[in-house]
Amino acid sequence: MRIAKFFRQLGQKGFTLPELITVMVISTMFSALIMVFMFQYWSSSATLQNDLDTYVGRLTAGDRLRDNLNNASGLIMQNSLPDLHPNNPDTTNGTGNYWVPIHAIPQNIPVGASGTTTPVIYFRQPAVDSNKNFIMNGTTPYDNEYVLYLDGSLGELLLRTIANSAAAGNTATSSCPPSLASSSCPADKLIAQNINSIDTRYFSRTGNTIDYSSITDPLTGAYIGPDFTAVEVVELNMHVFKKSTLHGGQDTSSQTIVRVALRNG
């Protein structure tokens, strides 16, 4: 009799339906709160990582630009040394070895569509040997030439090197588009990633802006700015944009300004 009574009491234990519903509702609420917290945490982490990546990228880009432009002897309208792989060739030159001319006109230069490239500035720099001595051409040094351009496919700022083959012992090596790089022609140097656009401005040594309307194209009537030899200070304002890698995270948008005095002053 006692055993039968025990099993009857045991069979009556358990949750009632209202109790079961209450437990399920509370469990669902806590699960939802945990999921919301985790998604917010992941979104915040992704945003912070984006911010960190662009911050480090901006600092690195500024250092790379200064390293190259600090040694520049001046800006040029077009390369005078032939480039075997110009991304934006001058169609008026039958050789196809020269980039399209540009002028010292302050402007915003956006990254182009995928598959396109856009030149930003051209500059020259004295060629040096392995001992860091200038390689002289009589009383003046030989110059290497450089092209700073935007790659629309990757949103990158790249630097093309055009080495002067006449400078014996030149430590510079001509570079190529990344898709054509080889052991003899290394890929163009990466300056910055996640670039949205670049603002260019030009100044004299005293800080006055160059009067870009002082010279007019005789064929088109458009302002083409003064000769680039008048530019003694160049300013590049890089606008950086990186889309969040996680849904719900915030996109990162920032900018950094690099202003460098050129040696031609």
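What counts, and where the lines are drawn
Residues numbered from 1 in each chain as written. Predicted model: local features only at pLDDT ≥ 70, side-chain atom pairs only at ≥ 80, totals over all residues. Heavy atoms only, no water. Helix = DSSP H or I, 4+ residues; strand = E, 2+ residues; numbered from the N terminus. Buried < 20%, exposed > 50% of the residue type's maximum accessible area, 1.4 Å probe, protein only. Contact = heavy atoms within 4.5 Å. Areas by Shrake-Rupley, 256 points an atom, 1.4 Å probe, with all protein chains shown as cover. Disulfide = S-S within 2.5 Å. Pairing = 2+ DSSP bridges. Axes fitted to C-alpha atoms, helices over the stretch in contact; angles between N-to-C directions. Core = buried A, V, L, I, M, F, W, Y, C linked by side-chain atoms within 4.5 Å. Phe/Tyr/Trp six-rings, centres within 6.5 Å; stacked < 30°, edge-to-face > 60°. Lys NZ or Arg CZ within 6 Å of the ring centre and 35° of its normal.

**Describing the overall build of the protein**
For step 1, the next point in the chain: Within the protein, the secondary structure is distributed over two helices and 11 strands.
For step 2, the next point in the chain: Counted from the first residue to the last, the protein has its helices and strands arranged as α-α-β-β-β-β-β-β-β-β-β-β-β.
For step 3, the next point in the chain: Across the 265 residues of the protein, 37% fall into the buried class.
For step 4, the next point in the chain: Nonlocal contacts in the protein, meaning residues at least 24 apart in sequence, comprise 62% of its contacts between residues at least 6 apart.
For step 5, the next point in the chain: Only carbon and sulfur atoms are counted for the fraction: they give 58% of the accessible area of the protein, which is about 15,600 Å².

**Some points on the state of the cysteines**
Note: disulfide means a covalent bond formed between the sulfur atoms of two cysteine side chains.
For step 1, the next point in the chain: Taken as a whole and judged by the stated rule, the model has one disulfide.
For step 2, the next point in the chain: Here Cys-176 engages in a disulfide with Cys-185; their sulfurs sit 1.8 Å apart. Here Cys-176 and Cys-185 share a disulfide; its torsion about the S-S bond, 100°, makes the bridge right-handed. Judged on exposure class, the residue Cys-176 and its partner Cys-185 are both buried.

**Side note on the sheet that holds strand S1 (residues 74-76)**
For step 1, the next point in the chain: A sheet is described by the order of its strands in space; here five strands give the open sequence S1-S3-S6-S7-S8, paired in antiparallel fashion. With one partner strand each, in any of the chains shown, S1 and strand S8 (189-192) form the two edges of the open sheet. Sheet twist, expressed as the mean angle between neighbouring strand axes with direction ignored, is 30°.

**Describing the nonpolar core**
For step 1, the next point in the chain: Core analysis: the largest hydrophobic core is formed by 32 residues, its most contacted members being Leu-75, Ile-121, Leu-157, Tyr-202, Leu-236 and Met-238.
For step 2, the next point in the chain: No other element matches the four residues that strand S10 (residues 233-242) contributes to this core.
For step 3, the next point in the chain: Once residues lying within four places of it in the same chain are set aside, the contact partners of Leu-75 are Ile-121, Tyr-122, Phe-123, Arg-124, Tyr-202, Phe-228, Val-231, Val-234 and Leu-262.
For step 4, the next point in the chain: Of all hydrophobic cores here, the second largest spans nine residues; its members include Ile-76, Leu-81, Val-147 and Ile-162.

**Digging into the packing of aromatic side chains**
For step 1, the next point in the chain: The full count for this structure, using the stated rule, is four aromatic pairs.
For step 2, the next point in the chain: Plain terms: the ring middles of Trp-99 and Tyr-149 are 5.6 Å apart, the flat faces sit at 40° to each other, and that makes the pair tilted. Of the two residues, Trp-99 sits in the loop between S1 and strand S2 (107-110) while Tyr-149 sits in strand S6 (residues 143-151), which places them 50 residues apart along the sequence. As far as the burial class goes, Trp-99 and Tyr-149 line up, both buried.
For step 3, the next point in the chain: A centroid spacing of 5.2 Å and a plane angle of 15° characterise the contact between Phe-123 and Tyr-146, whose relative ring orientation is stacked. Note that Phe-123 is positioned in strand S3 (residues 117-126) and Tyr-146 in strand S6, a separation of 23 residues in sequence.
For step 4, the next point in the chain: Residue Phe-123 is classed as buried on the basis of its relative accessible area of 2%.
For step 5, the next point in the chain: Aromatic rings pair up to connect Trp-99, Tyr-122 and Tyr-149 into one cluster.
For step 6, the next point in the chain: Cation over ring: Arg-259 sits above Phe-203, and NZ or CZ is 4.3 Å from the ring centre.

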